[in-house]
Each structure stands twice: as C-alpha cells, then as structure tokens.
Amino acid sequence: MNMQTTGVMAPPAPRSLSEMKLTTVMMRDILLKTMFRMNLELVTELSRAICLPVPVTQELVDLARGQKLVQATGTLHANSGGEMGYQLTDSGKARALDALSQSEYYGAMPVPMQVYAEQVKRQSIRNIQITRDQLTGAMGHLILPPELLDHLGPAVSAGRSILMYGPPGNGKSSISNGIRNALGDKIYVPRAIEYAGQVITVYDPIVHSAAEELVDDPNSLRRTGNRYDTRYVLCERPTVITGGELSLSMLDLVYNPTARTYQAPLQLKATGGVFIVDDLGRQEEPPQALINRWIVPLEEGKDILALQSGEKFEVPFDTLVIFSTNFHPNEIFDKAALRRIFFKIKIDGPNQQDFLKIFAMVAKKKKIPLDEETLIYLMREKYPTIDNIYANYQPVFLIDQMIAICEFEGIPYQMSPALVERAWANMFVKEESIVH
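The shown structure was predicted, so the numbers you read here are calculated from the model rather than taken from an experiment.

## Regarding the packing of helix 13 (residues 352-365) against helix 14 (residues 372-382)
Here helix 13 crosses helix 14 at 145 degrees, and the two axes come no closer than 13 Å. Helix-helix and strand crossings are classified by hand; for helix 13 and helix 14 the assignment is right-handed. In this structure, helix 13 uses Gln-352, Phe-355, Leu-356 and Phe-359 to contact helix 14, whose residues at the interface are Leu-375, Leu-378 and Met-379. Residue composition of the contact of helix 13 with helix 14, grouped by class: 6 nonpolar, 1 polar and no charged.

## With respect to helix 4 (residues 90-102)
Between its first and last C-alpha, helix 4 extends 19 Å over 13 residues, near the 18 Å set by a 1.5 Å rise per residue. Gly-92, Arg-95, Ala-96, Ala-99 and Leu-100 are the residues of helix 4 that are buried. With its buried residues spanning 135 degrees around the axis, helix 4 presents them on a single face. Where helix 4 is buried, its residues contact helix 1 (24-38) and strand 2 (83-88).

## Some points on the nonpolar core
Counting residues in hydrophobic clusters, the biggest one holds 30 residues, and the most contacted among them are Leu-31, Val-70 and Met-109. Among the secondary structure elements, those contributing two or more residues to this core are helix 1, helix 2 (43-50), helix 3 (54-66) and strand 2. Among the elements that take part in this core, helix 1 stands out by supplying 6 residues, more than any other. By size, the runner-up hydrophobic cluster in this structure holds 27 residues, among which are Met-113, Leu-234, Leu-268 and Leu-307.

## Considerations on the pairing of strand 6 (residues 192-195)
The pairing of strand 3 (residues 111-112) with strand 6 spans 2 bridges and is parallel. Within the sheet, the bridge partner assigned to Val-111 lies in strand 6 and is Ile-193. Pairing of strand 6 with strand 7 (residues 198-201) involves 4 bridges; the strand directions are antiparallel. Across the sheet, residue Glu-194 finds its bridge partner in strand 7, namely Val-199.

## Let's talk about the sheet that holds strand 4 (residues 162-165)
Within the open sheet, the 5 strands sit side by side as 9-12-15-4-16. Their pairing is parallel. Pairing within the sheet leaves two strands with one partner each, and these edge strands are strand 9 (239-242) and strand 16 (343-346). Along the sheet, successive strands turn relative to each other by an average axial angle of 15 degrees, direction set aside. Helix 8 (residues 172-183) contacts strand 4, strand 9, strand 12 (274-277) and strand 15 (320-325) of the sheet and is inclined by roughly 165 degrees relative to strand 15. Those strands touched by helix 10 (residues 287-300) are strand 12 and strand 15, and its axis lies near 155 degrees from that of strand 15.

## So, unusual backbone geometry
Residue Ala-196 is not a glycine yet carries a positive backbone phi of 50 degrees. The backbone of Asp-387 shows a phi angle near 60 degrees, a positive value even though the residue is not glycine. Here Asp-387 shows up in the loop between helix 14 and helix 15 (394-409).

## Regarding the pattern of salt bridges
All told, the structure shown has 20 salt bridges when counted by the stated rule. Linking Asp-98 and Arg-95 is a salt bridge whose minimum nitrogen-to-oxygen distance equals 2.9 Å. Separated by 3 residues within a single helix, Asp-98 and Arg-95 lie in helix 4, roughly one turn from each other. Here Asp-98 falls in the partly exposed class, since its relative accessible area comes to 36%. Here Asp-354 and Lys-357 are joined by a salt bridge, their closest N and O atoms 3.7 Å apart. Taken as a pair, Asp-354 and Lys-357 lie in helix 13 at a separation of 3 residues, close to a single helical turn. Residue classification places Lys-357 among the partly exposed residues on the basis of a relative accessible area of 47%.

## Re the environment of Ile-187
With respect to the helices and strands, Ile-187 occurs in strand 5 (residues 186-190). What makes Ile-187 buried here is its relative accessible area of 1%. Look past the residues within four positions of Ile-187 in its chain and what remains in contact with it is Val-8, Gln-123, Val-233, Leu-234, Cys-235, Glu-236, Arg-237, Pro-238, Thr-271 and Gly-272.

## A look at the pairing of strand 14 (residues 312-316)
Pairing between strand 13 (residues 302-306) and strand 14: 5 bridges, direction antiparallel. The residue of strand 14 that forms the bridge with Asp-303 is Val-315. Count of turn residues in the strand 13/strand 14 antiparallel hairpin: 5 residues, of which Gly-310 carries a positive phi of about 95 degrees.

## Considering the state of the cysteines
Under the definition given, this model contains 0 disulfides. Free of any disulfide, Cys-51 has its nearest cysteine sulfur in Cys-235, 13 Å distant. Its relative accessible area of 6% is what places Cys-51 among the buried residues. Judged by relative accessible area, Cys-235 falls into the buried class, the value being 0%.

## Some remarks on the confidence of the model for the protein chain
Mean pLDDT over the protein chain: 88, with 93% of residues reaching 70 or higher. Every residue in residues 1-5 is under pLDDT 50, and counting partners more than four places away or in other chains gives 11 contacts.

## Some words on helix 16 (residues 417-427)
Within helix 16, burial applies to Pro-417, Leu-419, Val-420, Ala-423, Trp-424 and Met-427. Along the long axis of helix 16, the arc covered by the buried residues comes to 150 degrees, so they all point the same way. Structurally, helix 16 contributes buried residues whose contacts are with helix 14 and helix 15.

## A look at the packing of aromatic side chains
Aromatic rings in a pair are described by how distant their centres are and how their planes are angled relative to each other. In total, this model carries 13 aromatic pairs according to the counting rule given. Geometrically, the ring pair formed by Trp-294 and Phe-323 is edge-to-face, given 6.2 Å between the ring centres and 85 degrees between the ring planes. Separated by 29 residues along the polypeptide, Trp-294 in helix 10 and Phe-323 in strand 15 bring together distant segments of the chain. The burial state of Trp-294 is the same as that of Phe-323; both residues are buried. Ring geometry for Tyr-393 versus Phe-397: centroids 6.5 Å apart, planes at 85 degrees, classification edge-to-face. In this structure Tyr-393 comes out as partly exposed when scored by relative accessible area, which is 35%.

So, how was this worked out
Residues numbered from 1 in each chain as written. Predicted model: local features only at pLDDT ≥ 70, side-chain atom pairs only at ≥ 80, totals over all residues. Heavy atoms only, no water. Axes fitted to C-alpha atoms, helices over the stretch in contact; angles between N-to-C directions. Helix = DSSP H or I, 4+ residues; strand = E, 2+ residues; numbered from the N terminus. Left-handed = near helix turned anticlockwise from the far one by under 90°. Contact = heavy atoms within 4.5 Å. Nonpolar A, V, L, I, M, F, W, Y, C, P; charged D, E, K, R; others polar. Expected span 1.5 Å × (residues − 1). Buried < 20%, exposed > 50% of the residue type's maximum accessible area, 1.4 Å probe, protein only. Arc of directions from axis to C-beta. Core = buried A, V, L, I, M, F, W, Y, C linked by side-chain atoms within 4.5 Å. Pairing = 2+ DSSP bridges. Salt bridge = Lys/Arg side-chain N within 4 Å of Asp/Glu carboxyl O. Disulfide = S-S within 2.5 Å. pLDDT = per-residue confidence, 0-100. Phe/Tyr/Trp six-rings, centres within 6.5 Å; stacked < 30°, edge-to-face > 60°.

Right, dumping it as structure tokens:
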C-alpha cells in the first residue's frame, strides 16, 4: 500500500496482536502504564495514546481483562458513541506500578528493531535520485561554479559520504543545507523502537519536523481508517547538523537512569536523512578518531550500539553523511580513512569575475547602488593586501558594513572608497601588539 502523498511506502498498520512481534507481557504492561499515567478509560482514547488501531487495542484490553488486571466500569459514555469504559483493578494498579519501577516508558507502542529495519529499506536515502534542476533550485541563492554541481549531483544521488573541504567562508555550510533542501520528500520516523525488551525513543521534535497529520474524526461517516502505522510520525527527511561540539559519546545510546529508557543517538535520529559534521578538525577528538567511528556504518550500512548491560546490537544505518572542513584532507586523515569517504569535493573561493558577480547580486538585493570607482579601489588597493584571495562571504560582509555606516550617518545607501576602507577594517583586524 503506497501513500501517494510522499512517494515513500508507508508502514502498514498492524491488524492483530500476533502481528506485532513484541512480547505480550511488554504490550500489556505498556497498556496498563498508559491507563495509569494518563487516566484513560475509553478504547478510542487508548488507541490514540498507544498508537495502535482500535481493534488491536481492544484485543489488548480483553487480554488484560482475562488476567483480571482491567475491568469494565459498567458505564457507557454517551458522548463517545456509547463506548464502554475500562479501569484498572487493584491488581492492575499494582502491576502498573511494578512495571513503572522497571521502566517509566508508556504511550506509543515501540516498533521492533527488525520491523523498523524493513521500513528503513522502503524509504532509504539511497533510493532518491536528484536531478540537476532540483539541486540548482535548492542552491539558487548561491553562485556556484557549474562544475561543482557536476560533482555534487552524483554524490547526493549515491547517498554515500561526502567530504567538502576548502578555505573558510565559501559556503560549505550553505551547500550542505542546500543538499538537505533538495531532498524534499517525507519519510516515516518511529516514535520508539524496541530491542531485547528495551525501549529506545527515536522521534525528536527538535530534529524531526512533523508533516501535517490527518486526525480521524470518530464521528464522521467517512472514516479514513488509519492508513498507516501511527507508531510512526510522517516527517521531512531529518537533518542533524553538528559542529565543534560533536564528541564520540554523542554517537552512543543515551540511557536515562530515572526513566530506565534509552534515547537514540544523533546518527540514528538522522536515519533516512542527512548528518552534517561541520568544521571537522575543531572538535576535541581528533578527526581521525571521529572518522574511525563512522567507518563500519559507512561501509556496511549498519551501526553497532551498546546497551547498559554491555550487549551490542546492530541498527540500520541509512544516512547521507557530509563532512565539511577548512583543513586539507591529507592533514587530518590517513589514507585508509580517506579511501572510506566516497566523494571528496573541494569548495574553493570565487575567482575575481565570480566575486564581482556575487558583489553585484548582493548589492542589488540589498538595494545599494554599485559604484565603479569603489569597485576599482577594492580590486586595486585592498585585495592585493591579502594576495587577491576572494571568499564568498566577503561581498555580504562588506556591503552590510557599508549599509550600517550609511544608516548610522543618516545618509542614503551608497558605496565609496572611504566607506570600503571602514568596512575592510572590520573584516580584517590590523596586525599589532597590544600592551597588557
């Protein structure tokens, strides 16, 4: 069954408890904990809370009733279509408290690891083919040499790792974000997954932007029925961006000792999307150590995580990893590591002609008239002092500075050699010794 809206195969909703591939005890305990913590009585409410279809939820309630953990309240709720109410018995409450002492997790039923792995394949980042038009559209605001797109296109479509390197201030971060925008479709992210009886929460509103959900109105005649497994949230393909703060421990499962549940590490949250490591070489750990941690996932499409008990297990790894650095790759990696990164793309500063093009484009956008004398002054007097090395950030920086001065002086937007002189002084600090 394919949901037309996304082009990605939707996870089918489970039709019975036996299809769930979770232990009956775990499912029953999550039901009891949810009833206890959320104080819910109706099967329709419970169905929404534990994210299972109504018939499957009813099956679970009946199972708990058979074990005398839940009883019918004997009241039919008139405002909800004459639905029967249920409540925990004393032994049900005792069981709920006991289960909560083992794990605070309640709410959405987790998706077993092997079931999740199948969904990852259905929506793999490697299934995406990006056209030149899509990439150009997403990068439209950047002036890029055409040969750069020649390199980027195949790299993104392959869904393999990319290393972008080159001098700072030339838009490596903007290009990474452009790649993310070019992906454009949506995938299903599980609220939580289960491995060996342990719950790992995955959906994170900070990383995942949920698409508009269709909520079924129980009173409407034409009920759409849950067309997909609501244990998942339909989201934009996720993007995780990390910089100098990235440490190896951020790539491990996070255990919450109070709730006794795990939280997925960053790269697991980024499954089906993009993981950007910006400013590689600025982290506390050496770049080589960070790359070594990624080698198995990048090569084998699976990552190895460890539980508190020390038990290691595999999770699917389906992420486009983009490393970006201002260092030359040979300075920070050995040959074996470089071989593992599939695409290496140099992002250089613009030549003089492209620099002027960007300068003119920024000036037009910011409504400051171009002045030929100023441009000649900039090219002849200022750039030779820095060996004529141009960077993509400079036009925006210089123009913003000149605009700020004009606004302060109360004069119309303009550029002049004198204004360039003042703007330049803020872009580069003069070499001098400060007396302490």
